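Breakdown of the fold
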There are 4 protein chains.
Amino acid sequence: SKTAFSPKLPPLLSSHHQVHRLVHSTMAQSKGTVVLAYSGGLDTSCILVWLKEQGYDVVAYLANIGQKEDFEAARKKALALGAKKVYIEDVSREFVEKFIWPAVQANALYEDRYLLGTALARPCIAHKLVEIAQREGAQFVAHGATGKGLQGVSHLLSLPSCQVVAPWRLPAFYQRFPGRRELMDYAKKHGIPVPVTPQTPWSMDENLMHISYEAGILENPKNQAPPGLYTKTCDPAKSPDTPDVLEIKFERGVPVKVTNIGDGATRSSALELFVYLNDIAGKHGVGRIDIVENRFVGMKSRGIYETPAGTILYHAHLDIEAFTMDREVRKIKQGLSLKFSELVYNGFWHSPECEFVRECIGRSQEPVVGTVRLSVFKGQVYILGRESPRSLYNEELVSMNVQGDYEPADATGFININSLRLKEYHRLQSKVTVKQDE
Amino acid sequence: SKTAFSPKLPPLLSSHHQVHRLVHSTMAQSKGTVVLAYSGGLDTSCILVWLKEQGYDVVAYLANIGQKEDFEAARKKALALGAKKVYIEDVSREFVEKFIWPAVQANALYEDRYLLGTALARPCIAHKLVEIAQREGAQFVAHGATGKGLQGVSHLLSLPSCQVVAPWRLPAFYQRFPGRRELMDYAKKHGIPVPVTPQTPWSMDENLMHISYEAGILENPKNQAPPGLYTKTCDPAKSPDTPDVLEIKFERGVPVKVTNIGDGATRSSALELFVYLNDIAGKHGVGRIDIVENRFVGMKSRGIYETPAGTILYHAHLDIEAFTMDREVRKIKQGLSLKFSELVYNGFWHSPECEFVRECIGRSQEPVVGTVRLSVFKGQVYILGRESPRSLYNEELVSMNVQGDYEPADATGFININSLRLKEYHRLQSKVTVKQDE
Amino acid sequence: SKTAFSPKLPPLLSSHHQVHRLVHSTMAQSKGTVVLAYSGGLDTSCILVWLKEQGYDVVAYLANIGQKEDFEAARKKALALGAKKVYIEDVSREFVEKFIWPAVQANALYEDRYLLGTALARPCIAHKLVEIAQREGAQFVAHGATGKGLQGVSHLLSLPSCQVVAPWRLPAFYQRFPGRRELMDYAKKHGIPVPVTPQTPWSMDENLMHISYEAGILENPKNQAPPGLYTKTCDPAKSPDTPDVLEIKFERGVPVKVTNIGDGATRSSALELFVYLNDIAGKHGVGRIDIVENRFVGMKSRGIYETPAGTILYHAHLDIEAFTMDREVRKIKQGLSLKFSELVYNGFWHSPECEFVRECIGRSQEPVVGTVRLSVFKGQVYILGRESPRSLYNEELVSMNVQGDYEPADATGFININSLRLKEYHRLQSKVTVKQDE
Amino acid sequence: SKTAFSPKLPPLLSSHHQVHRLVHSTMAQSKGTVVLAYSGGLDTSCILVWLKEQGYDVVAYLANIGQKEDFEAARKKALALGAKKVYIEDVSREFVEKFIWPAVQANALYEDRYLLGTALARPCIAHKLVEIAQREGAQFVAHGATGKGLQGVSHLLSLPSCQVVAPWRLPAFYQRFPGRRELMDYAKKHGIPVPVTPQTPWSMDENLMHISYEAGILENPKNQAPPGLYTKTCDPAKSPDTPDVLEIKFERGVPVKVTNIGDGATRSSALELFVYLNDIAGKHGVGRIDIVENRFVGMKSRGIYETPAGTILYHAHLDIEAFTMDREVRKIKQGLSLKFSELVYNGFWHSPECEFVRECIGRSQEPVVGTVRLSVFKGQVYILGRESPRSLYNEELVSMNVQGDYEPADATGFININSLRLKEYHRLQSKVTVKQDE
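The rules behind each value
Residues numbered from 1 in each chain as written. Chains lettered and ligands numbered in written order. Predicted model: local features only at pLDDT ≥ 70, side-chain atom pairs only at ≥ 80, totals over all residues. Heavy atoms only, no water. Phe/Tyr/Trp six-rings, centres within 6.5 Å; stacked < 30°, edge-to-face > 60°. Helix = DSSP H or I, 4+ residues; strand = E, 2+ residues; numbered from the N terminus. Buried < 20%, exposed > 50% of the residue type's maximum accessible area, 1.4 Å probe, protein only. Least-squares fit on C-alpha atoms with pLDDT ≥ 70 in both. Contact = heavy atoms within 4.5 Å. Pairing = 2+ DSSP bridges. Axes fitted to C-alpha atoms, helices over the stretch in contact; angles between N-to-C directions. Buried area = accessible area lost by both parts, 1.4 Å probe. Salt bridge = Lys/Arg side-chain N within 4 Å of Asp/Glu carboxyl O. Nonpolar A, V, L, I, M, F, W, Y, C, P; charged D, E, K, R; others polar. Domains from an automatic or database assignment. Polar contact = N/O pair within 3.5 Å; in protein donor to acceptor, adjacent residues only side chain to side chain.

The next point concerns the packing of aromatic side chains. Residues and elements named next belong to chain A. Counted by the stated rule, this structure contains 58 aromatic pairs over all chains. Pairing Y114 with Y305 gives two aromatic rings, centres 4.5 Å apart and planes at 20 degrees, and the pair type is stacked. Linking Y114 in the loop between helix 4 (92-106) and helix 5 (117-136) with Y305 in strand 12 (residues 300-306), this pair joins segments that are 191 residues apart in sequence. Residue classification places Y114 among the buried positions, given a relative accessible area of 1%.

Structural data, given as structure tokens:
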């Protein structure tokens, strides 16, 4: 959950600086083409210019993964800074269908709380980066992630012919820019626009699924999040006094339709459905957490997250799965999901083990079919009921008035046999204890 | 989560029936003494009388485990029905310290949602039952649990010299009482007071930690809980518009002090602290769930639960544990906790494996020390911050401005070596794919 | 590992007794048809007669699953005892392909030692029993398993319209035959041939994969197996002084060809290959174990087993799998295999969780392709080498003289980052220790 | 399993070279003291000299961990090469008691086959290295391990005030010595004795528990080990024709006495007992394996190992544990052991998670008491029988003639209730299938 892509956008470059850099780059002998995962922010803008200084031809790639951003301004800025080409790619639909849906099927939670919003976005963004590098015949890809994040181990490995340039891990770069001040000086010198609005005293990373806040004043884990921090969800204290009641229909563990019981609104396509749930959850203040988590590199880190739609879907899927899946299958699947969450968090989405686990979990979702009714209210999701054509729930069997498929006396046999082992154990314990007392 | 002990209490018996039964029991040759786990409700009252009919001397035992009940009325009723002795034992403190605390340390959740309120109470109640049986030199213990619940396999096994009588599993009993009507007829015939207030259309099981609602109209998993059902928590829609902010201090993973930041109230003893958290959580509507769970006997069952204090403690402990415990230790402990929850749910508290798991989890809690600040509001618990003298969180290491104990270039080595395996895999995959395409 | 089907065969019945029973059975009003899993031994012969006494029409079914037996004699005996029809079904090939192969893929070991020879045969035998019951339109199936074994929970459940009759669990039967003597008396009275050869002082259960010895003098876990006990393997002390060297080729984790390097013999079809490995392993005394295992019912049981071919395949598959499968996939698969072994042992082959686990394991076997060379000698299997077109083993990378895909300095980064967490831990430990010392 | 310490010893240095180096070192300004884990072989001899060249004062430390070696010659050599002090420390007893015993308790196997001989020795050797560094007030420790091994992540971390120098990971060193030839040249130039006996075409690493062979001609995983390779075990083809029968007594899962039934020999102290088992197992050719394993760095590696005593103890402990430990405790312990093996292999002995796992496993061993009888013969260990005062094995319960604590009819109840879930599943499956067919 490192802020790889800052959403802040600076004003345009002056033409003076453009000329300067163009001259510079034509004079240098090109080292080849690098595709840079560009955010429009100060860091990757400096990296763009620095890469050109090093002699690369830079292609800028900016993923639209649902963050709020002026993409056209970013395009112009990248071109102004000397990018020979700019790709702005909308990967939102792919993000929902290929990355968020498997996480919903898994009930993926990292360390019992984090819904993996940033970790799921990374392999999606990287996947398109690889695609562009192949299209461009680039020999290099570059990104602005630091060593502290590190959560992208596997993402660029399917590009065997391509090398990764990570300036924040290169001594030549990070020794030149030991702090923010040096970066600002470099920006001024090279005509890179510096944000005029004062920076928030924390960093953010946003996508369609979530936004994270960390670092700065949040680094002290005792400090409470300031009230104005949240951007995706309403303060539950100010949220509506009446709930929204939704019905979410699942097939193979994936939501296929949401209906708002109040106004009859429905959404069926993956992306629209997800955006709609973000709206409803955001309106009612659902999905805020404040946690300390363990990073892959081994240190603990404090993060505050908002995951509105993801929180609703976590609860809804948990409910329909428990309703339709066999108990023992679910127990095995639960173990696989823990593994899945850890792999995704650590950046191993594109690994053989993560592929294996996704396939197994996917196989388990075949019977997860049905509809969950829930209420969204004041920061909370309440399950109200559920139904399914595939449920293993048998109302007659459950009933206390009607005899089921077994006789109550069967329970005696069941208990007697389950007790055999325990009786032997207690029998031996009492012997051992007596002996020790003698 | 079967209603072993109904909280409903009927009016006193008429003296006529008392005489009748006393005559009856003196005439029969005694089969020996049975200690009956008595609830004061219709079922165990009928069982009490039926056991006497069978020729047992009955000692009634009623555990005060925090349920709302007129214990003195229950005592009189049991004596009136012919119990030769009545024990009313307050096990609340033991329940909190010996059963709830280990569950808090484990972050115990059955099937991702159920905090095990009923399952934890059973071994506590049974433990005292065994103690009384030993004190009374009884040859038998009896209880009113049906076969459907079954969640008490291990509880009575430390009583090797004592036999269990479970009428609801004895054909002689359950064939005589196939339905509620037969039980009522029997009650009338034997002067057993029948509840005059109309029964709720569901059954309940209450203790200090939680209350469950199930069966009846709730058996249809689609039916929403009626608004008036809840008894331990306020409707979040009607709960206060200002939160209570609490600080909970933990030692060895167990809460040792709670402070209300608003009014400065504090609680330190286990039982008082737990009762106080029940009050605060109840006032803000915290702790309601509606789930379908898998019973030990293999069928799915729908239950609605309220667990006010338990819900606050679950969130608070999760937070302080994540803050203080090593990542890898926590991962291992997480696996043990899943096992713990399953064992407790299935009634194996008093088994060697559950003892083993409790000891291991207990060992893991040694560094779980510190204070969590949280807000309780409108059905939700929000973590605000935490501090600890034992935290593995290192603010300097986390900081993005200061270099930590490693160079950013180390990340390159870390990634390169983590990638070795993946690169080999992708190299081979591309070979295999090419071959398959040929 | 209970002797459900004894291989001992008695002489033919006298005609006198046949007539007697036929008269008897025509007079009784039939309760319907029962298909009896018949072994030809004393127990199931008595059960056959007893079932007829109870008024059933009995169809006898004898599975040929590779045990040494005179099947024609068994057929005649069953007919003589009054079976209205006898099925003798060769399920050997199905046993190897559908049951043993998945166990080989899983490296299935119950409690680290038992290769599951009996447990795998049961669902295979039961599967055909269900098929015959459907073909015959039978309302009942019956078997001679006792309660102690119990390892067949799931096998007959796919027959919803059919009821199971298990005489050894019916009081009417087991109270009539409390010991062997009563069974013998019954046999004499009803003209059931009693074995003339003296019984071994232990019981056996044999199939193509293994033979088990237990009970009788083996019940004392301290008693050593008598030298003459073994029937499937040669005494290693008397086995040949030169090894057989074999090459076993695998595809998708399943052996597809075995070649004897010594004489060039090859086998390719599943059944022939397995029989051949049984011969080679048996000749060299491979596959004997003496263990105490935990039964599903909760008691410990001592068994001596011979599993010749299974032991070779266990070692060979382990080797080729480790050679071709990704490390992390293998770790996950290892957890699934532990579950698989437990499920198979406990009789849950035909359960949703076992199906799920088999599918997941099967998926993991896709790259398990290659050839293992091994030596079979004096009770032992020695792996000599292996090769594979799908191996992840990279000789160049391994070599100590050639630089691989990473710089040795990368190791420093890898170690530094892996150490971060541990350093923090040790730093804190020393602080805590100092404090405690003060 | 990298050859950190080669057992090969060269002749003594000429006095000429000593003088040369002494002069050299007195002239340089000392960078401080480094304690070098010295093996006496070519690599660490060159490192010793190189470290002095870099300006360090070198203290040589050679662990006697049971390898065959002329320790006095090594001492003289180190002094001759300029070490200011030489420690030769016998850590054998500590190795057995503190490192091998916990592995025996765990039944530790890495990837189902490797008994962890090298991985267990490393933390033992490192532990003493840290101790010496503290005694000497050294600022540095150094070792000759390469990046490929890497299996010592945690070993030196309890030395916070001390820095690790690993020349094989320092570009300054490994770029100077890209191959063996450069190392030889350096040795000649600096008077370092070069082994006169021809080197084996593989590398070895030996300690009391095991010896590994790898690299060189063994790098091709298809190549069979040459017959003369093995040094700790006799060729099973040439081993005695009569077995040794041993009784091994365990307490808390640790062997406390071994008795040879043949000649009555006994051993009771940990070290003597282990050495004796090495002798017996070695004589009968027990403990050879040839495997491909997954290294921590992510590549596969082929190794041939001999672990004579360890193999006997693995089988013996497995047997007594299965005999005495509760089934469910054992299942949980099995999961912890898998984790333990992985942690030890990856070099995390001195980590919080490994400490935690060792404590939990240790706790599980309390009832593992008793005596196992076994036969050692022709490369194989055969369990013959076992007895224990703490066994959960109940001969009466097991017996087929005597009724145990339960009625056979109980089995019906047990099966019926276990079947409930499966019946519901099959009922639903048939419905779903029918629907799909329509």
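Still more ground to cover, so stick around.
Next up on the list: the relation of the copies chain B and chain A. With an RMSD of 0.1 Å, the operation that places chain B on chain A is a rotation of 180 degrees combined with a shift of 0.0 Å along the axis. Taken together, the rotation angle and the small translation identify this as a two-fold axis. A shared interface surface links the copies, since 100% of the contact residues of chain B are contact residues in chain A too.

A few words now on the sheet that holds strand 12 (residues 300-306) of chain B. All names here are of chain B. Judged by pairing direction, the sheet is antiparallel, and its four strands sit side by side in the order 6-7-12-11 without closing on themselves. A single partner strand is all that each edge strand has here, and the edge strands are strand 6 (203-206) and strand 11 (288-294). On average, each strand axis in the sheet is tilted by 25 degrees relative to the strand beside it, whichever way the strands run. Here four bridges tie strand 7 (residues 211-214) to strand 12, and the two strands are oriented antiparallel to one another.

When chain C is fitted onto chain D, the two copies agree to an RMSD of 0.0 Å after a turn of 180 degrees and an axial shift of 0.0 Å. When the interface residues of chain C are mapped onto chain D, 100% of them again lie at the interface, so the same face is used by both copies.

Right, let's talk about the interface of chain C and chain D for a bit. Taken together, the contact pairs 90 residues of chain C with 90 residues of chain D. Between chain C and chain D, roughly 8700 Å² of surface is buried when both sides are summed, and carbon and sulfur atoms account for 57% of that area. At the surface where chain C touches chain D, the tally comes to twelve salt bridges. Here D290 of chain C ties to R386 of chain D by a salt bridge, and the two come within 2.9 Å at their closest N and O atoms. Element by element, the count of residues in the side of chain C that touches chain D is highest for helix 13 (residues 408-437) of chain C, at 13 residues. Looking at the side of chain C that touches chain D residue by residue, the class counts come to 41 nonpolar, 22 polar and 27 charged.

Our focus in this paragraph is the domain arrangement of chain A. For interface size, the figure often reported is the accessible area lost on association. Residue and element names in this part refer to chain A. Domain boundaries assigned for chain A yield domain 1 (31-110 + 118-189) and domain 2 (203-325 + 367-389). Distance between the C-alpha centres of domain 1 and domain 2: 28 Å. Taken together, the 24 residues of domain 1 in the interface contact 28 residues of domain 2. Taking both partners together, domain 1 and domain 2 bury about 2300 Å²; carbon and sulfur atoms supply 64% of that area. Considering only the surface of domain 1 that becomes buried against domain 2, W101, N107 and T118 emerge as the three largest contributors, covering 26% of it. Connecting domain 1 to domain 2 are one salt bridge. A salt bridge links E206 to K68, with the shortest nitrogen-to-oxygen separation between them at 3.3 Å. Put simply, domain 1 and domain 2 have seven residue pairs in polar contact (both at pLDDT 80 or more) between them.

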